[in-house]
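# Coordinate inspection notes
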Amino acid sequence: MRDAVEHKDADSGHIEEMWRLMLGSGESPLHRGRRLYRKLPASPRCKVCYSPFGGLGKILMRLPGGRRPGRMNPHFCNVCEDYARAHIGGVELELTMLFADIRGSTPLAERLGTREFARLIDRFYRAASDVLIASDALIDRLLGDEVVGLFVPAFSGERHSQTGLAAAEALLRATGHADAGGPWVPVGVAVHTGIAFVGSVGSEAARDITVLGDNANLTARLASQAGVGEILISQATATAAGIDTTGLESRHLELKGRSAAADVWVRLVSGDGTASSQ
């Protein structure tokens, strides 16, 4: 019995270390072939292991057990996702999280009707996905009126807080918040940087790769407080990104279910496409 427990603990430790390498540095054993893959012809290719997704290299990679664009972001191959879904577990690490909600979705759905609202949601998903993919984020969730993107060091780089903020601004522009005629869908966004659990949860029949923990909950709560066209930036993200908060509105928010209030900065996107406080 003791040997079985120790073996299980060893396996758990190995899986956690693999997660840490995959998400923290991208230098996991799953990417040992990167020197060879880099020499194979064609582009685009996985930004982590350099597996080619086009040309002759694509043909080689598509052999049984080969590599292909991943589902959470096609800029990266499927290897990390496949490993994650096959091994329940994860790791706590610092990352930047972006939560975006459609504001007033209930009355909007009532006004538009089911079919038109479904078209609007689909357009919102596509716009948000394009922004998150271009920003090298992992798309954690497209659910209801909400989109969640994860900016982890291995994929988004060490400056993931700046990248997350830039993605939030790009999302507001993509949904028309910088247009003279106003947005085609009303969106509020929150960006927060902190330590959270990222991993695979669920059963063998249904597993999901997601983010969990207090900081993930905090980001969701902040997003629910963001007004139309607003980016709520947590103090942690502002500090990590080193942004100049001069002229930005500050808010001290009491959040449902949390004992401590949260301090945030409010950023908008102006008509010329730049970030602003007004």
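Residues numbered from 1 in each chain as written. Predicted model: local features only at pLDDT ≥ 70, side-chain atom pairs only at ≥ 80, totals over all residues. Heavy atoms only, no water.

This part takes up the overall build of the protein chain. Assigned secondary structure in the protein chain consists of ten helices and nine strands. In the protein chain, buried positions account for 48% of the 278 residues. Counting only contacts in the protein chain whose residues sit at least 6 apart along the sequence, the fraction spanning at least 24 positions is 61%. Of the roughly 13800 Å² that the protein chain leaves accessible, carbon and sulfur atoms contribute 52%. (Helix = DSSP H or I, 4+ residues; strand = E, 2+ residues; numbered from the N terminus. Buried < 20%, exposed > 50% of the residue type's maximum accessible area, 1.4 Å probe, protein only. Contact = heavy atoms within 4.5 Å. Areas by Shrake-Rupley, 256 points an atom, 1.4 Å probe, with all protein chains shown as cover.)

Take unusual backbone geometry next. We note that D136 has phi near 60 degrees; this positive angle belongs to a residue other than glycine. In this structure D136 comes out as buried when scored by relative accessible area, which is 13%.

With that out of the way, let us pick up the confidence of the model for the protein chain. If pLDDT is low for a region, its predicted coordinates should not be looked at in detail. Looking at the protein chain as a whole, the pLDDT averages 84, with 79% of positions reaching at least 70. Low pLDDT, under 50, characterises residues 1–10; the stretch is placed with zero contacts to residues that sit more than four places away or in other chains. (pLDDT = per-residue confidence, 0-100.)

Closest axis-to-axis distance for the helix α6 (residues 114–134)/helix α8 (residues 160–174) pair is 9 Å, and the angle between their directions is 150 degrees. Here α6 is positioned roughly antiparallel relative to α8, judged by the angle of their axes. Here α6 runs over α8; the crossing is right-handed. Touching A127, A128 and V131 of α6 are A167, A170, L171 and A174, all from α8. For the contact of α6 with α8, the residue count by class is seven nonpolar, no polar and no charged. (Axes fitted to C-alpha atoms, helices over the stretch in contact; angles between N-to-C directions. Parallel < 35°, antiparallel > 145°, perpendicular 65-115°, else oblique. Left-handed = near helix turned anticlockwise from the far one by under 90°. Nonpolar A, V, L, I, M, F, W, Y, C, P; charged D, E, K, R; others polar.)

It is worth spelling out the side chain of S234 at this point. With respect to the secondary-structure elements, S234 resides in strand β6 (residues 231–234). Once residues lying within four places of it in the same chain are set aside, the contact partners of S234 are V191, H192, T193, L222, D263 and V264.

Our next topic: the environment of V228. Within the fold, V228 resides in the loop between α9 (214–225) and β6. Among the residues examined, V228 registers a relative accessible area of 47% and is labelled partly exposed. Measuring from C-alpha to C-alpha, the distance between V228 and G188 comes to 5.0 Å, with 40 residues separating the pair along the chain. In contact with V228, other than residues within four places in its own chain, are R103, H177, P183, P186 and V187.

Applying the stated rule across the entire model yields ten salt bridges. Here E116 ties to R119 by a salt bridge, and the two come within 2.3 Å at their closest N and O atoms. Residue E116 and its partner R119 are located together in helix α6, separated by three residues, close to a single helical turn. Within the structure, one salt-bridge network assembled from shared partners comprises D140, R141 and E146. (Salt bridge = Lys/Arg side-chain N within 4 Å of Asp/Glu carboxyl O.)

The next thing to look at is the nonpolar core. For soluble globular proteins, nonpolar side chains are generally found buried alongside one another. Counting 42 residues, the largest nonpolar core has W19, L23, M97, L150, F155 and L222 as the members making the most contacts within it. The contacts of M97, once residues within four sequence positions are left out, are G149, L150, A190, V191, H192, G194, A196, V211, N215, A216 and T219. Counting 35 residues, the second-largest nonpolar core is a separate cluster that includes F117, A128, I139 and V147. (Core = buried A, V, L, I, M, F, W, Y, C linked by side-chain atoms within 4.5 Å.)

Further remarks concern the packing of aromatic side chains. Following the criterion strictly, the structure yields one aromatic pair and no others. With a centroid separation of 6.3 Å and 40 degrees between ring planes, the pair formed by F124 and Y125 is classed as tilted. The buried category is assigned to Y125, whose relative accessible area is 18%. Over the face of the ring belonging to W184 we find R123, whose NZ or CZ atom lies 3.8 Å from the ring centre. (Phe/Tyr/Trp six-rings, centres within 6.5 Å; stacked < 30°, edge-to-face > 60°. Lys NZ or Arg CZ within 6 Å of the ring centre and 35° of its normal.)

Attention now goes to the packing of helix α5 (residues 105–112) against α6. Their axes nearest at 6 Å, the elements α5 and α6 cross at an angle of 130 degrees. Classed by the angle they form, the pair α5 and α6 counts as oblique. When you trace α5 past α6, the crossing you get is right-handed. Counted together, S105, L108, A109 and L112 of α5 and T114, E116, F117 and L120 of α6 form the full contact between these two elements. In terms of residue class, the contact of α5 with α6 is built from five nonpolar, two polar and one charged.

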